[in-house]
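Residue-level structure breakdown
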Amino acid sequence: MRPLNETEIRASFVNCSKGEARRLNLPRGLAELPWEELDFLGWRDQGAPDRAYLVAEHRGELVGVTLRVPSFRRSMTKTNVCSLCVTAHAGSGVALLTARRAGAAGREGNTVGTYICADLACSLYVRGRKKSASVTRPDESLPLEDQIARTVLNLDAFLAQVRTDTLAAS
Ligand SMILES: [Zn+2]
């Protein structure tokens, strides 16, 4: 993705108040991030462990989503698969993140949940840039560009769910 600055990121959020978007903690070292290797910008809030954020291009617009992280920890023996990038993690490496829907649905308390790499580093797992003993990528015969395309497609579907109301209205 193209490099983003703080103003663009804060202006992109679709499912929280402007005040919340203004105050939330951005990732450190924005300028030094490996933007060309990111399909989306995702990060955990350094000051609020129950919060995560995701910013991506969606249907020609920059869309930011605030996510809630469950406070309970999963069993360390269980393996879970990220629904965006298909990376399998042991233990708490995948979390069920929930987003309030944008627009009227969100104001009524509607949320969308999906299992995502808990560090939101999907782009780096897909490219083999981030690895650990508890992470396995399925033995994929798919070329890298197809794996990236699949991640983007999965993300697109998730963002469409979050934006259902506002997309239909525009
Ligand atoms: Zn992932």
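Up top you'll find the structure we're talking about.
Heads up: these notes are all about the structure in this document. None of these values were measured; they are calculated from a predicted model.

Section: the coordination of the zinc ion
Distances from the zinc ion to its protein donors, C82 (SG), C85 (SG), C117 (SG) and C122 (SG), fall at 2.2 to 2.3 Å. Here the zinc ion binds four donor atoms, and the angle range of 102 to 115° at the metal identifies the geometry as tetrahedral. The sequence pattern describing where the donors of the zinc ion fall on their chain is C-x2-C-x31-C-x4-C. Exposure class is identical for C117 and C122. Each is buried.

Quick word on the side chain of R127
Residue placement: R127 occurs in the loop between α4 (122–126) and β8 (135–136). A relative accessible area of 16% places R127 in the buried class. A distance of 2.9 Å separates the side chain of R127 from the backbone oxygen of S123, its partner in a polar contact. Those residues in contact with R127, other than ones at most four positions away along the chain, are E37, D39, L144 and I148.

Description of the environment of R28
You can see R28 is positioned in the loop between α2 (18–23) and β1 (41–44). Residues R28 and L67, 39 residues apart in the sequence, show an inter-C-alpha distance of 18 Å. Sequence-distant contacts of R28, that is, excluding residues within four places in its chain, are made with L33 and Q46.

Notes on the pattern of salt bridges
For the coordinates displayed, the defined rule picks out ten salt bridges. Across the pair R2 and E8 runs a salt bridge, and its minimum N-O distance is 2.7 Å. Assessed through its relative accessible area of 23%, E8 is described here as partly exposed. The salt bridge involving E57 is made with R2; its shortest N-O contact spans 3.6 Å. Highlighted residues: E57 in strand β2 (residues 51–58) and R2 in the segment before α1 (6–11), separated in sequence by 55 residues.

A closer look at the environment of E8
Note on placement: E8 falls in helix α1. C-alpha of E8 to C-alpha of V63: the two residues are 55 residues apart in sequence and 9.8 Å apart in space. Once residues within four sequence positions are removed from consideration, E8 is found in contact with R2, P3 and L62.

Topic: unusual backbone geometry
With a phi angle near 50°, R59 is a residue other than glycine that sits in the positive phi range. Structurally, R59 is set in the loop between β2 and β3 (61–68). One non-glycine residue, V86, adopts positive backbone phi at about 65°. With respect to the helices and strands, the residue V86 is situated in the loop between β4 (79–81) and β5 (88–90). The exposure class of V86 is partly exposed, given its relative accessible area of 23%.

Remarks on the packing of aromatic side chains
Tallied over the entire structure, the rule returns two aromatic pairs. Judged by centre distance (5.9 Å) and plane angle (85°), the rings of F13 and Y53 are edge-to-face. With a gap of 40 residues between them, F13 in the loop between α1 and α2 and Y53 in strand β2 connect regions that are remote in the sequence. On the basis of relative accessible area, F13 is assigned to the buried category, the value being 10%.

The rules behind the values
Residues numbered from 1 in each chain as written. Predicted model: local features only at pLDDT ≥ 70, side-chain atom pairs only at ≥ 80, totals over all residues. Heavy atoms only, no water. Donors = N, O, S within 2.8 Å, 3.2 Å for Na, K, Ca; no water. Tetrahedral: all angles 85-135°; square planar, octahedral: opposite > 155°, others 65-115°. Buried < 20%, exposed > 50% of the residue type's maximum accessible area, 1.4 Å probe, protein only. Helix = DSSP H or I, 4+ residues; strand = E, 2+ residues; numbered from the N terminus. Polar contact = N/O pair within 3.5 Å; in protein donor to acceptor, adjacent residues only side chain to side chain. Contact = heavy atoms within 4.5 Å. Salt bridge = Lys/Arg side-chain N within 4 Å of Asp/Glu carboxyl O. Phe/Tyr/Trp six-rings, centres within 6.5 Å; stacked < 30°, edge-to-face > 60°.

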